[in-house]
Amino acid sequence: MKKTSFIVFTSIFFVACNSTKRLEEGERLLTKNTIYVDNEKSSDSKLEELVALKPNSKTLGIPLALHFYNLGNPEKPKTPKKWGEKNPKTYKFFKSIFSEKQSISFANSMIGINNWFLRNGEAPVIIDDKKIDKSANNLRLYLQTQGYFKSIVTSEKKDIGNKKGSISYNITKGKPLVLDTIRVKVESPVLDSIYKAQTQKSFLKSGEQYNEQSFINEERRITKLFRNNGIFHFNKNLGFYDIDSSAYKTNVEVVISGDRIVEQNGSYISKPLTIQRLRNINVFTDYSFTKRNSSYLDSIQYNSITYKAHERVRYNPKYLSESIFLNEGEVYKDTLRNLTRKHLKSLKNFKTTNIKYEPVEGRNDLLDVNIFLTPIEKYTLSLETELTHSNIRDLGVSGKFSIINRNTFKGAEVFKLSFLGSFFNASQDANRSGNFFNSWEIGADASLEIPRLFAPFGLNKLVPKTMSPRTFLTVGTSIQKNIGLDRQTITGMIDYQWQYNPKKTIQLEIFNTQYVQNLNVDNYFDIYNSEFTKLSNIAQVYYDNSYELEKAEAVSFMQEVFSDTAFQNNNPQEYQDNLNILDRYNIVTSDFIIPTIAYSYTYNNQTNYKDNDFSFFKIRFANSGNILGLISNKVNEDNKKTLFKIPLAQYFKTDIEYKKFWDTGNRSVFGFRSFLGAIIPYNNSSVPFIKSYFAGGSNDIRAWQTYNLGPGRRNSGLEYNIGSLKFLTSAEYRFDIFGSLKGALFVDAGNIWDITNSIFANDEAKFNGIESLQDIAMGSGFGIRYDFSFLVLRLDLAFKMHEPYLSGNRWFRNHNFSNAVYNVGINYPF
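The rules behind the values
Residues numbered from 1 in each chain as written. Predicted model: local features only at pLDDT ≥ 70, side-chain atom pairs only at ≥ 80, totals over all residues. Heavy atoms only, no water. Helix = DSSP H or I, 4+ residues; strand = E, 2+ residues; numbered from the N terminus. Buried < 20%, exposed > 50% of the residue type's maximum accessible area, 1.4 Å probe, protein only. Contact = heavy atoms within 4.5 Å. Areas by Shrake-Rupley, 256 points an atom, 1.4 Å probe, with all protein chains shown as cover. Lys, Arg positive; Asp, Glu negative; His and termini not counted. Charge placed at Lys NZ, Arg CZ, Asp CG, Glu CD. Pairing = 2+ DSSP bridges. Phe/Tyr/Trp six-rings, centres within 6.5 Å; stacked < 30°, edge-to-face > 60°. Lys NZ or Arg CZ within 6 Å of the ring centre and 35° of its normal. Patch = residues over 30% accessible without salt bridge, like charges linked within 9 Å, V, L, I, M, F, W, Y side chains within 5 Å. Salt bridge = Lys/Arg side-chain N within 4 Å of Asp/Glu carboxyl O. Polar contact = N/O pair within 3.5 Å; in protein donor to acceptor, adjacent residues only side chain to side chain. Core = buried A, V, L, I, M, F, W, Y, C linked by side-chain atoms within 4.5 Å. Axes fitted to C-alpha atoms, helices over the stretch in contact; angles between N-to-C directions. Parallel < 35°, antiparallel > 145°, perpendicular 65-115°, else oblique. Left-handed = near helix turned anticlockwise from the far one by under 90°. Arc of directions from axis to C-beta.

K.L.:
Tell me what's going on with the overall build of the protein, and back it up with residues and numbers.
P.N.:
When helices and strands are counted, the protein shows 17 helices and 33 strands. Along the first, second and third principal axes, the C-alpha atoms of the protein reach 110 × 80 × 65 Å. Counting the 830 residues in the protein, one finds 43% classified as buried. A fraction of 63% describes how many contacts in the protein between residues 6 or more apart in sequence connect residues 24 or more apart. Total accessible area on the protein stands at roughly 43800 Å², and carbon and sulfur atoms take up 54% of it. Taking the average location of the 104 positive side-chain charges in the protein and that of its 85 negative ones, the two points are 7 Å from each other.

Put into structure tokens, the structure is as follows:
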């Protein structure tokens, strides 16, 4: 049956692969565009974008979207009646067995399938003379914007057989127009003095080739210059340019008007532009359109700003004024207006923010400012549900119920009390229950967002309010039934954040403390069963082949073997295996207090979510246990610092991440990601399991499952492998296939190592400088992604290329489907 289905599907697909099957006689499918500039073939992407007629998109050289479209037929019936007339036997068959209603339903299904192919595929691009002419004209107009006013563009069609054709565009640029003398005429002494202060910043330079973008930039510069120096009524229409494009060299005259045209008593008059200053500044804190004509009964004056409300001003003017950058007597500036609007919106307290400037009657030099703020409801409830996936959680669903209180302490603060729960499937072979969701987590947290730096001793003044400083106070707890050890976590955090500029963000965690407690340690060997199996084999070597190790005595047995020097000398491999298991047991089952101080710097020049050409860089420095380590002088039996008899995690950690994306055209993107992280413990401390590094997984090195790789070239066979040094790099090419279906080709490389100098770490796991670079694992593969607009569902198939733990040849030994790793993910891996 499977073989028959495959043959049928293959036959249908190959029929659809006739790319010209839907073309009429005389029509030609466009297969290629070629642009020649001065007899040289051009690869300029800007010129290619201007061509209105482009060939069908291709995936790895194949027009899959066109073939998918051809599985449908635009000539097929669009209504059940027409479908029944076209397929009378099938229609009557369903009608005789079922009913007329079922026949109509079947017809609609067939119509829907046909339309789905047409809608998600791509119709054949047919050579069209009108669109060729339009393309040539687009190229001609573009060349004029670059200074080639006498360029010549011609086109040529070529028939290449089998109803296919190509188009060539031939461009002769000619001699460009060059700017000669540039004269500026400002028809107002006031504006002239402002302009002359920044003439050196002009985008127009004598001797340079004409470029329309330079004139647009200069227009924007002039408008911005005047509007940021008090000329409120200036706009780009008050300046114009005079050039002569008939020659190859032209003088440029920039004329800036000193008057504006206004309507007065039914006629138009001119008024001189002048510097305008702010007079009265009013803030309406509870504005609504329905109450716009009602009286404002409460009013508070603070720092020359009047705060008004219909009933009572509910915001403390002292704190609300920190988001208002307008002051009485100052000249009007666009930048301060935009900054005020941005800050007020960022408070998350107002639905709308509207800033209006009103001319003062009889005064041409003054403006009144009215700021209308429409508050969001003080108390709101929210319910969020999410489908989740990570390297550790294969698949999960989560829900979060929150109660939000805005303007909690009258300073535009946002308080949120949240209750959350999730069900998920834990990764690895820890999932032995047979249930789809084998783990759950419940928790609650309370957070307070303060729109300023909440700090003593005047430290809040260190960060200017223009940088939108924020303070986050958070406390929370959660209980997690996770792979059987049932972990409880209590968290407290004081976090400062500010926007250094639109691309740079600073984060300072001055108090980020976690208490991690494992509630079911005795269940360890029931969960990590492969470790107990290996331990049982060691026990048979240690005692005799008939010895059966009980789980209850496993810990004492590991400690006994650890202290047996004779066994170490006679059975080095078994001794090392016991050491690895003991180390893993100590790390996973230990409770920790993790008091962290951290600094993060993030650079991101992505302008919006559609921007596919950007860079991202983040570095984070963290220290745990330094201050509390100085306060506490208590140690446990392992000589590790404790607080309230709980081990104190003491380490330094640094994470560096860099991502770069290039828009390669044709709706495709090339992305690169690199990560380097290191954690170094001190004072005899161990690294907590949750803070260690791991390798593998759907967002990591995809050719290995989560925790299955490393450290180094060691192949321990244990479930969870961790390290204290990590390197990861990935490259991925993403492209459209058809409709919402996307494809990807990727390469991942990296590994983890141990740099703690622990006695438990063997040489194969340690990082030994340059020579350890040969331990880098590498995998490659391809992926299919479906974009639902609100999330991307991802399936990646990865193959092992370089396996550092193999002896002999390490390359492509298991590069096959039987050893491939299938990764299901939500959204992109980076």
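K.L.:
Mind laying out the sheet that holds strand S24 (residues 634-635), listing which residues take part and the relevant values?
P.N.:
Read across the sheet, three strands follow the order S24-S25-S26 without closing on themselves; strand pairing throughout is antiparallel. Each of the sheet's edge strands pairs with one partner strand only, and the pair in question is S24 and strand S26 (646-647). Strand direction decides the pairing type here: strand S25 (residues 641-643) and S26, joined by two bridges, are antiparallel. Paired with Leu-643 across the strands is Ile-646, a residue of S26.

K.L.:
Can you explain the pairing of strand S3 (residues 152-161)? Please cite residues and give values.
P.N.:
As defined by bridge partners, S3 adjoins strand S4 (residues 164-172) across nine bridges and the pair is classed as antiparallel. Within the sheet, the bridge partner assigned to Asp-159 lies in S4 and is Gly-165.

K.L.:
Help me get a handle on the packing of aromatic side chains, residues and values and all.
P.N.:
Per the stated rule, a full pass over the model turns up 43 aromatic pairs. Note on Tyr-524 and Phe-525: the rings are 5.0 Å apart at their centroids and 85° apart in plane angle, and the pair reads as edge-to-face. Directly above the aromatic system of Tyr-248 lies the positively charged group of Lys-150, at a separation of 4.5 Å from the ring centroid.

K.L.:
Any details on a nonpolar patch on the surface? Residues and values, ideally.
P.N.:
Together, Leu-60, Leu-745, Phe-782, Ile-784, Tyr-786, Phe-788, Phe-790, Leu-793, Leu-795, Phe-817, Tyr-822 and Val-824 make up an exposed nonpolar region whose accessible area comes to about 1200 Å². At the level of elements, strand S31 (777-787), strand S32 (792-802) and strand S33 (821-826) are the ones that each hand at least two residues to the nonpolar patch. Looking at the nonpolar patch element by element, the count peaks at three residues for S31. Relative to the helices and strands, Tyr-786 resides in strand S31.

K.L.:
Talk me through the environment of Asn-138; I want residue IDs and the actual numbers.
P.N.:
Topologically, Asn-138 is positioned in helix H7 (residues 129-145). Counting along the chain gives 147 residues from Asn-138 to Thr-285, while the straight-line C-alpha distance between them is 51 Å. Setting aside residues up to four positions removed in sequence, Asn-138 forms contacts with Leu-50 and Ala-52. Of note is the side chain of Asn-138, whose polar atom sits 3.0 Å from the backbone oxygen of Leu-50.

K.L.:
Lay out the sheet that holds S4 with the relevant residues and their values.
P.N.:
Strands sit in the order S2-S1-S4-S3 across an open sheet of four strands; the sheet is mixed. Strands with a single pairing partner mark the edges of an open sheet, and in this sheet they are strand S2 (40-41) and S3.

K.L.:
Now, about the pattern of salt bridges: what can you tell me, with residues and values included?
P.N.:
All chains considered together, the criterion is met by 26 salt bridges. Linking Asp-192 and Lys-196 is a salt bridge whose minimum nitrogen-to-oxygen distance equals 3.1 Å. Note that Asp-192 and Lys-196 are positioned in helix H8 (residues 189-196) at a spacing of four residues, about one turn of the helix. Notably, a salt bridge pairs Lys-742 with Asp-736, separated by 3.1 Å at the nearest N-O pair. Residue classification places Lys-742 among the buried residues on the basis of a relative accessible area of 16%. Using a relative accessible area of 17% as the deciding quantity, one classes Asp-736 as buried. What emerges from the salt-bridge pattern is a single network uniting Arg-702, Glu-732, Arg-734, Asp-748, Arg-785, Arg-794 and Asp-796.

K.L.:
Requested: an account of unusual backbone geometry, with residues and values cited.
P.N.:
Looking along the chain, the bond that leaves Gly-710 and enters Pro-711 is cis, with omega of 0°. Relative to the elements of secondary structure, Pro-711 occurs in the loop between strand S28 (668-681) and strand S29 (725-738). Here the phi dihedral of Lys-348 falls at roughly 60°; this positive angle occurs in a residue that is not glycine. If you check the backbone angles, Asn-683 has positive phi at about 55° while not being a glycine. Among the secondary structure elements, Asn-683 is positioned in the loop between S28 and S29. By relative accessible area, Asn-683 is classed as partly exposed at 43%.

K.L.:
Outline the nonpolar core, supporting the account with residue identities and numerical values.
P.N.:
Ranked by size, the top nonpolar core spans 29 residues in total, and within it Tyr-524, Phe-525, Tyr-528, Leu-535, Phe-557, Met-558 and Phe-689 carry the most contacts. Among the elements of the structure, helix H12 (524-527), helix H13 (529-542), helix H14 (554-562) and helix H16 (572-589) are those that each provide at least two residues to this core. Take this core: its biggest share by element is seven residues, from H16. Apart from residues no more than four positions distant in its own chain, Phe-557 is found in contact with Leu-535, Ile-538, Ala-539, Tyr-542, Tyr-543, Leu-549 and Asn-578. In this structure, Ile-281, Ile-305, Ile-324 and Ala-412 belong to the second largest nonpolar core, which totals 23 residues.

K.L.:
Can you break down the packing of H13 against H16 residue by residue, with the values?
P.N.:
At a minimum axis separation of 10 Å, H13 and H16 run at an interaxial angle of 140°. Taken as axis vectors, H13 and H16 run oblique relative to one another. Every pair of crossing elements has a handedness; the one defined by H13 and H16 is left-handed. Between H13, through Glu-531, Lys-534, Leu-535, Ile-538 and Val-541, and H16, the contact on the second element is made entirely by Glu-574, Asp-577, Asn-578, Ile-581 and Arg-584.

K.L.:
If you had to explain the pairing of strand S1 (residues 29-37) to someone new, which residues and values would you point to?
P.N.:
Here S1 runs beside S4; their pairing, made up of eight bridges, is parallel. The partner of Lys-32 across the bridge, within S4, is Ser-166. Here S1 runs beside S2; their pairing, made up of two bridges, is antiparallel. Looking at S2, one finds that Val-37 is bridged to Glu-40.

K.L.:
Let's hear about the environment of Asp-577: which residues, and what values?
P.N.:
In this structure, Asp-577 sits in helix H16. Spatially, the C-alpha atom of Asp-577 lies 52 Å from that of Ile-450, the residues being 127 residues apart in sequence.

K.L.:
Requested: an account of a negative patch on the surface, with residues and values cited.
P.N.:
Together, Asp-44, Glu-48, Glu-49, Asp-613 and Asp-663 give the surface a local cluster of negative charge. Positionally, Glu-49 belongs in helix H2 (residues 45-50). Assessed through its relative accessible area of 53%, Glu-49 is described here as exposed.

K.L.:
So, the side chain of Ser-600: which residues are in play, and what are the values?
P.N.:
Among the secondary structure elements, Ser-600 is positioned in strand S22 (residues 592-604). Judged by its relative accessible area of 1%, Ser-600 falls in the buried class. Contacts of Ser-600, omitting those with residues within four sequence positions, involve Thr-505, Ile-506, Gln-507, Glu-509, Lys-618, Ile-619 and Arg-620.

K.L.:
Quick rundown of H14? Include the residues and the values.
P.N.:
Of the positions making up H14, those classed as buried are Ala-554, Phe-557, Met-558 and Val-561. An end-on view of H14 places all buried positions within 100° of arc, on one side of the element. Looking at the packing, one finds that the buried side of H14 touches H12, H13, helix H15 (565-570) and H16.

K.L.:
Pulling in residues and values, what's your account of H8?
P.N.:
Taken as a whole, H8 has its buried residues at Leu-191, Ile-194 and Tyr-195. Each buried residue of H8 sits inside an arc of 100° when the element is viewed along its axis, so together they form one side. Every exposed residue of H8 that faces more than 90 degrees away from the buried side is listed here: Pro-189 and Lys-196. Tucked inside the fold, the buried residues of H8 contact strand S5 (178-186), helix H9 (212-227) and strand S7 (249-256).

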